[in-house]
Amino acid sequence: MSKTILIATEKPFAGEAIVKIRKIIENAAGYHLELLEAYNDKSTLLKAVEMVDALIVRSDKVTAEVIGASKNLKIIVRAGSGFDNIDLDKASEKGIVVMNTPGQNANAVAELAFGMMLGLIRNKYDGTPGTELKNKRIGMHGYGNIGKCMAIIAKGFSMKTYAYDLYLSKAVVEQDGVNYCKSAEELYSTCDFISINIPANEETIKCIDYKLLSKTKDGALLINTARKELIDEEGLLKWMEDSPRFLYASDIKPDCTDEINKKCSKRTLFTSKKMGAQTAEANINSGVASVNQIVRFFEDDDRIFQVNE
Ligand code: 3PG
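All values derive from a computational prediction rather than experimental measurement.

### Concerning the environment of Lys274
Now for step 1: In this fold, Lys274 is placed in the loop between β12 (268-270) and α12 (280-300).
Now for step 2: The class of Lys274 is partly exposed, set by a relative accessible area of 22%.
Now for step 3: Look past the residues within four positions of Lys274 in its chain and what remains in contact with it is Lys11, Ser59, Arg78, Ala226, Arg227, Asp251 and Ile252.
Now for step 4: In this structure the side chain of Lys274 is engaged in a polar contact, spanning 3.0 Å, whose partner is the side chain of Ser59.

### Some remarks on the side chain of Lys11
Now for step 1: Mapped onto the fold, Lys11 is located in the loop between β1 (3-9) and α1 (15-27).
Now for step 2: A polar side-chain atom of Lys11 sits 2.8 Å from the main-chain carbonyl oxygen of Lys274.
Now for step 3: When residues no more than four places from it in sequence are discounted, the contact partners of Lys11 are Arg58, Lys273, Lys274 and Gln278.

### So, the domain arrangement of the protein chain
Now for step 1: Taken domain by domain, the protein chain holds domain 1 (3-104 + 279-300) and domain 2 (106-270).
Now for step 2: For domain 1 versus domain 2, the distance between C-alpha centres works out to 31 Å.
Now for step 3: On the domain 2 side, the residues contacting the 8 residues of domain 1 number 5 residues.
Now for step 4: Both sides of the domain 1 and domain 2 interface together cover about 480 Å² of buried area, and 48% of this is carbon and sulfur.
Now for step 5: On the domain 1 side of the contact with domain 2, Asp84, Gly103 and Thr279 bury the most area, a combined 63% of that side's loss.

### Some thoughts on the site of the ligand
Now for step 1: Taken together, Lys11, Arg58, Ser59, Arg78, Gly80, Ser81, Gly82, Asn105, Arg227, Lys274 and Ala277 make up the full set of residues adjacent to the ligand.
Now for step 2: Contacts to the ligand include Arg58, whose side-chain N or O atom sits 2.9 Å from an oxygen atom.
Now for step 3: Considering the ligand on its own, with 320 Å² of exposed area, one finds that the protein chains cover 95% of that surface.
Now for step 4: Grouping the amino acids of the shell around the ligand by side-chain chemistry returns 1 nonpolar, 5 polar and 5 charged.

### Comments concerning the sheet that holds strand β2 (residues 31-37)
Now for step 1: The strand order across the open sheet formed by 5 strands is β2-β1-β3-β4-β5, and the pairing between neighbours is parallel. Each edge of the open sheet is held by one strand with a lone partner, namely β2 and β5 (97-100). Adjacent strand axes in the sheet meet at a mean angle of 20°, parallel and antiparallel pairs treated alike.
Now for step 2: Where β1 lies against β2, 7 bridges are found, and the strand directions are parallel. Counterpart to Lys3 in the pairing with β2 is Tyr31.
Now for step 3: Together, β1 and β2 form the strand contacts of α1, whose direction differs from that of β2 by roughly 155°.
Now for step 4: Contacting β1, β2, β3 (54-57), β4 (75-78) and β5, α12 crosses the sheet at an angle of about 155° to β4.

### What to know about the environment of Lys228
Now for step 1: Within the fold, Lys228 resides in the loop between β10 (221-224) and α10 (233-242).
Now for step 2: Spatially, the C-alpha atom of Lys228 lies 8.1 Å from that of Asp255, the residues being 27 residues apart in sequence.
Now for step 3: Once you skip the residues sitting within four places of it in the chain, Lys228 turns out to touch Glu233, Ile252, Lys253 and Asp255.
Now for step 4: A polar contact is formed between the side chain of Lys228 and the side chain of Asp255, at a distance of 2.9 Å.

What counts and how
- Residues numbered from 1 in each chain as written.
- Predicted model: local features only at pLDDT ≥ 70, side-chain atom pairs only at ≥ 80, totals over all residues.
- Heavy atoms only, no water.
- Helix = DSSP H or I, 4+ residues; strand = E, 2+ residues; numbered from the N terminus.
- Buried < 20%, exposed > 50% of the residue type's maximum accessible area, 1.4 Å probe, protein only.
- Contact = heavy atoms within 4.5 Å.
- Polar contact = N/O pair within 3.5 Å; in protein donor to acceptor, adjacent residues only side chain to side chain.
- Domains from an automatic or database assignment.
- Buried area = accessible area lost by both parts, 1.4 Å probe.
- Near = heavy atom within 4 Å.
- Areas by Shrake-Rupley, 256 points an atom, 1.4 Å probe, with all protein chains shown as cover.
- Nonpolar A, V, L, I, M, F, W, Y, C, P; charged D, E, K, R; others polar.
- Pairing = 2+ DSSP bridges.
- Axes fitted to C-alpha atoms, helices over the stretch in contact; angles between N-to-C directions.

Right, dumping it as structure tokens:
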């Protein structure tokens, strides 16, 4: 019997990506595609997952309720990197495999980070003199796929690159010609620009707090294309008040957006919706990878990139 793959994306993939995904599914005999795009209520998703065999999502919340509503689901693929939107325990309890597609949208996120950094240091293009990236120090807080893309782009701007990653050795970081920092404190106190590229989990939530922010140099810029939960917003607000030249750009509006903008709107830049992975190329890469991973899982029990136990 044919297997149903549901793509449920509150923030739809580019049309080109859907065309490619559809082709792959048609060519892999025994599968068919269901599409649920730009839905805006949970009940639609609950109904849509009921009879499907595989689910592809982006930042869509795959809660215990959603997983519970599915009768045939065997695999969920997060088309992207961060899987904090999926209830892994519930999936494991029901024997459902959860995967992500690491690296597939990394370049898009890194490019957006530079776009936002440039926007902010050029005073949002308001006509007043700004500053440049050239010869400045950029630090990657987390040196995974996005951090690596950031380093490559930074070198094109003649920036000096630094990275801190809890899970990587000095040798691994240095082999890319990137300076190694042994702690987040060292990174934050060394760099003019700091890019957050770590996942949100129990260990990292609110790890960027007042204490860490207070290590930053005068006039430093923090760019967050990761998750808002990583920031202790009380600490951020306080630091923005205490440090009148500190700049904060984020692809995820903080909960305290109104308050922050009331006090220092000139020093912040936020996207209206999470935009990092929102390019045709990233959608194609992560969408196609998701389908291929699903087909290989069903055909060969290939569990590459499984993130639950
Ligand atoms: C990711 O974790 O891959 C990025 O945050 C992109 O998320 P999105 O697919 O919801 O844009």
